[in-house]
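The lines below spell out each chain.
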Amino acid sequence: MKKLIFAVAVAALFTFSSCAKKEVEIKSAEDLAGKKIGVQAGTTGESWVQENVENVKLSSFKSGIDAALDLKNGAIDAVVLDELPAREIVSRNDDLQILTGSFAREEYAIAVKKGNTELLDSINSAIQKMMEGDDYNKLRQAFMPADGKITIPPIDVPSSDKVIKLGTNAAFPPFEYVDGNKIVGFDISMGQLIAKECGANLEVVDMAFDSLIPALSSNAIDFIAAGMSVNEERKKNVDFSVPYFESEQVIIIRK
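The rules behind these values
Residues numbered from 1 in each chain as written. Predicted model: local features only at pLDDT ≥ 70, side-chain atom pairs only at ≥ 80, totals over all residues. Heavy atoms only, no water. Helix = DSSP H or I, 4+ residues; strand = E, 2+ residues; numbered from the N terminus. Buried < 20%, exposed > 50% of the residue type's maximum accessible area, 1.4 Å probe, protein only. Contact = heavy atoms within 4.5 Å. Arc of directions from axis to C-beta. Core = buried A, V, L, I, M, F, W, Y, C linked by side-chain atoms within 4.5 Å. 1 Å grid on protein atoms, 1.4 Å probe; cavity = no way out; pocket = protein on both sides within 12 Å on 5 of 7 lines; lining within 4 Å. Points joined across faces, edges and corners; volume = space filled by probe spheres on them. Pairing = 2+ DSSP bridges. Axes fitted to C-alpha atoms, helices over the stretch in contact; angles between N-to-C directions. Parallel < 35°, antiparallel > 145°, perpendicular 65-115°, else oblique. Left-handed = near helix turned anticlockwise from the far one by under 90°. Nonpolar A, V, L, I, M, F, W, Y, C, P; charged D, E, K, R; others polar. Salt bridge = Lys/Arg side-chain N within 4 Å of Asp/Glu carboxyl O.

*Asks:* How should I be thinking about the overall build of the chain in this particular structure?
*Replies:* The secondary structure content of the chain amounts to nine helices and 14 strands. Along the first, second and third principal axes, the C-alpha atoms of the chain reach 90 × 40 × 30 Å. Looking at the chain as a whole, 43% of its 255 residues are labelled buried. Excluding contacts between residues fewer than 6 apart, the proportion of contacts in the chain whose partners are at least 24 apart in sequence is 70%.

*Asks:* In this structure, what is going on with helix H4 (residues 83-91)? I would like to understand it.
*Replies:* Side chains three or four residues apart in an α-helix point the same way, a direct result of the helix having 3.6 residues per turn. Within the span of H4, buried status applies to Pro85, Ala86, Ile89 and Val90. Relative to the axis of H4, the buried residues are bounded by an arc of 135° and lie together on one face. Those residues of H4 that are buried are in contact with helix H3 (64-72), strand S3 (78-82), strand S4 (96-98), strand S8 (171-172) and strand S14 (245-254).

*Asks:* Just to check I follow, could you spell out the nonpolar core for this structure?
*Replies:* Taken as a class, soluble globular proteins show a tendency for nonpolar side chains to be buried jointly. Among the nonpolar cores identified, the biggest contains 31 residues, and Ile110, Ile123, Phe186, Met190, Ile194, Phe223 and Tyr244 are the most heavily contacted of them. The set of elements that each furnish at least two residues to this core consists of helix H5 (117-132), helix H6 (135-143), strand S7 (163-168) and helix H7 (186-198). Apart from the residues within four sequence positions on either side, isoleucine 123 is in contact with Ile110, Val112, Ile194, Phe223 and Ser241.

*Asks:* What is the right way to read the layout of surface pockets from this model?
*Replies:* A water-sized probe, rolled over the atoms, reveals where empty space remains. In this model, the largest pocket occupies a volume close to 290 Å³. In terms of lining, the largest pocket is formed by 16 residues, of which the most central are Gly42, Ile213, Asn231, Glu233 and Arg234. Elements that contribute at least two residues to the lining of the largest pocket include exactly helix H2 (44-52), helix H8 (212-217) and helix H9 (232-235). The element best represented in the lining of the largest pocket is H2, accounting for four residues.

*Asks:* What's the story with the side chain of threonine 43 in this structure? I'm lost.
*Replies:* Relative to the helices and strands, threonine 43 resides in the loop between strand S1 (36-40) and H2. Residue threonine 43 is classed as buried on the basis of its relative accessible area of 7%. Every residue in contact with threonine 43, bar those within four places of it in the chain, is listed here: Phe209 and Arg234.

*Asks:* What is the right way to read the sheet that holds strand S9 (residues 176-179) from this model?
*Replies:* Sheets are built from strands paired through backbone hydrogen bonds, the pairs being either parallel or antiparallel. Taken in spatial order, the three strands make up an open sheet running S8-S9-S10, and their pairing is antiparallel. The open sheet has two edge strands with one neighbour each: S8 and strand S10 (182-184). Bridge analysis of S8 against S9 gives two bridges, and the strand direction is antiparallel. If you follow alanine 171 over to S9, its bridge partner there is tyrosine 177.

*Asks:* Explain the packing of H6 against H7 here, please?
*Replies:* Two quantities define a packed helix pair, namely the angle between the helix axes and the distance between the axes. Direction vectors running N to C along H6 and H7 enclose 155°, while the axes themselves pass 10 Å from each other. Here H6 is positioned roughly antiparallel relative to H7, judged by the angle of their axes. At the point where H6 passes H7, the crossing takes the right-handed sense. Residues Asp135, Tyr136, Leu139, Arg140 and Phe143 of H6 form the contact with H7, whose own contacting residues are Phe186, Ser189, Met190 and Leu193.

*Asks:* Explain empty space enclosed by the protein here, please?
*Replies:* Tallying each qualifying case throughout the model produces one cavity of 30 Å³ or more. Gln40, Thr43, Thr44, Asp82, Glu106, Phe172, Phe209, Gly227, Ser229 and Arg234 together form the lining of the largest cavity. Across the lining of the largest cavity, the residue classes break down as two nonpolar, five polar and three charged.

*Asks:* Quick question: what am I supposed to make of the environment of aspartate 239 here?
*Replies:* As for its position among the elements, aspartate 239 is in strand S13 (residues 238-240). Taking C-alpha positions, aspartate 239 is 8.4 Å from isoleucine 110, a pair spaced 129 residues apart along the chain. Residues within four places of aspartate 239 in sequence aside, it is in contact with Ile110, Ala111, Val112, Lys113, Lys114, Gly115, Asn116 and Leu120.

*Asks:* Got a minute to help me understand the pattern of salt bridges in this structure?
*Replies:* Side chains that differ in sign of charge can pair as their charged atoms come close. Tallied over the entire structure, the rule returns ten salt bridges. Between arginine 105 and glutamate 246 there is a salt bridge, with its nearest N and O atoms 3.0 Å apart. With arginine 105 in strand S5 (residues 103-108) and glutamate 246 in strand S14, this residue pair connects regions lying 141 residues apart in the sequence. The closest approach of N and O atoms between aspartate 239 and lysine 114, which form a salt bridge, is 3.3 Å. Placement of aspartate 239 in strand S13 and of lysine 114 in the loop between strand S6 (111-113) and H5 is noted, with a sequence separation of 125 residues between them. Bridged by salt links that share partners, the residues Arg105, Glu246 and Glu248 form one connected network.

Shown next, in the form of structure tokens:
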């Protein structure tokens, strides 16, 4: 009888251990169906998962970093996020990796309130000058260096009584993030160049990503620079500048 009880206990332990070691296998976007997926609220990743992944158990977070934390502790199976912020997260977490293969390419642009053609013209002019001159390449080299060592470039903005408010979500490196007590990033430096074009000082307003368009509509901010991709749904509520960056969505999983 004791031998039987021991055998049953060993079998149960083996079964439990096997179940504990079982890991969700995701090798491509096709494997996301039926899985627990984390995204940043209000982003292209969220809408892409909603529209393309069947039977998904979707969790929306305030930032990609929050989603990655839940991935690390096993609460979700994968995270769908923009490429550059995803690479930043993976570089700081050895237990995470990005799947190879591309999908859901997108273009980032600046958003202004519907009908604000004066500001939109100034923004497009600033972007055009950046692209035609050396400022754009300097920003890319500063915030997206091959060696990973970011250097924040100084930008001289003339003193002015006029203030222009940039709305962003400072949890999206290298485009916008907190460094010490300052909000910095590619979009923030670009915003300074836009303020210079407008003859104004720049004020940065940090908020949740999905609060940005409502804030723009209520005049709480003047424009959005937050790695925001252009899509038809957003075009109903805002006017977009010319694109300034092309990116794609990637999938983060546990190693």
